[in-house]
Amino acid sequence: MPELPEVEVTRLSFAERIQGAEVTAVRLGKPLRWPLGVEPQQIVTQRVGPVTRRGKYLWLPLDRGGLLMHLGMSGSLSFASAPAAPGPHDHFDLVTARGTLRLTDPRRFGAVVWAPAIDAGAAAKLLAGLGVEPFDSAFTGAHLHKALRRRRVAIKTALLGGDIVVGAGNIYACEALFEAGIDPRTRSDRLSRVRCEALAEAVRKTLGRALESGGSTLRNFRDAHGIAGAFQLQARVYGRAGQACPRCGATIRRTVQGQRATFFCPGCQRR
DNA sequence: AAGTGGACCTGCTAGC
DNA sequence: TGCTAGCAGGTCCACT
């Protein structure tokens, strides 16, 4: 589910309200991807600081460390002052005086992990190796071109890797490549500098538009207020195999790369 | 170093 | 109507 826009929309929807709140209880459901890494009791009485995002991870700082959270494929966070009784897919509650932050995640690929600091322990390990932020000034066509020079994998696969630029998952990688007019099967090291400039711009534009739309809701994504996203309605290739390309009218195709579905227009996306 | 495939887990849908 | 195969927004890890 959640790619960078969904994670950022989620962050914006509860960060201000939870900041400064004291943790009064922690409730764990079924195991998530990794163990919490601390006794829940150790978190109680700590205060929540400003929530930040790195790639698709959220960092929730506490007085003596913090929690690194990931929504996996099917996770979402809610923040409510009077939460319902936990359901079968509610696997983490951070109860505070201001409300309860709850991770709901049917597939349990998500995670909540304690670390003494964002650059220490488990957090450091998980965040190491992430690429640049797409909205950072360091993310340029030149950066992309330099990184892609040593890669022979298809550009779609390279974008999804997250070690060059973070944030574009399967939907937005497909959409950005469409935006840039690049065939997703193009070998990374064959992309010219000019096309890398176009791609960097397309990634920013695509993620930016999704952010403005509140993210994409394919199945169950909601922000912490329970609001669904709307970007999926403006997706131009993702999930549209067999339909006409909105730009050139050719039939959109579906293929598989690295065990993930890829959607593209054979008419206006070139190698 | 870079690339590949498998692993994690559950729910929904299309098709028989 | 009921069962089953296939698919889903991520990413870590082991292995070549």
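About the criteria used
- Residues numbered from 1 in each chain as written.
- Chains lettered and ligands numbered in written order.
- Predicted model: local features only at pLDDT ≥ 70, side-chain atom pairs only at ≥ 80, totals over all residues.
- Heavy atoms only, no water.
- Salt bridge = Lys/Arg side-chain N within 4 Å of Asp/Glu carboxyl O.
- Helix = DSSP H or I, 4+ residues; strand = E, 2+ residues; numbered from the N terminus.
- Buried < 20%, exposed > 50% of the residue type's maximum accessible area, 1.4 Å probe, protein only.
- Domains from an automatic or database assignment.
- Buried area = accessible area lost by both parts, 1.4 Å probe.
- Polar contact = N/O pair within 3.5 Å; in protein donor to acceptor, adjacent residues only side chain to side chain.

**With respect to the pattern of salt bridges**
- Enumeration according to the criterion identifies 17 salt bridges in this entry.
- Of the charged contacts, one joins Asp-163 and Arg-151 as a salt bridge, the two residues approaching to 2.5 Å between their closest N and O atoms. One end of the pair, Asp-163, is in the loop between helix H5 (155–161) and helix H6 (170–180); the other, Arg-151, is in the loop between helix H4 (141–148) and H5, and 12 residues separate them in sequence.
- With relative accessibility at 23%, the residue Arg-151 sits in the partly exposed group.
- Between Asp-183 and Arg-185 there is a salt bridge, and its shortest N-O distance comes to 2.7 Å.
- Each of the salt bridges in this network shares a partner with another, and the network as a whole consists of Glu-8, Arg-11, Arg-53, Arg-54 and Glu-133.

**A look at the domain arrangement of chain A**
- When cut into domains, chain A gives domain 1 (4–127) and domain 2 (141–264).
- The straight-line distance from the C-alpha centre of domain 1 to that of domain 2 is 28 Å.
- Together domain 1 and domain 2 conceal approximately 1,400 Å² of surface at their shared face, both sides included; 65% is due to carbon and sulfur atoms.
- Three residues stand out in domain 1 for area buried against domain 2, namely Pro-5, Glu-6 and Val-9, and they jointly supply 36% of the buried area on that side.
- One can count 0 salt bridges joining domain 1 with domain 2.
- Seen at the junction of domain 1 and domain 2, the total is 2 residue pairs in polar contact (both at pLDDT 80 or more).
- When residues of the side of domain 1 that touches domain 2 are traced back to their parent elements, those giving at least two are helix H1 (4–18) and strand E5 (76–80).
- Here the side of domain 1 that touches domain 2 takes 9 residues from H1, the largest share from any one element.

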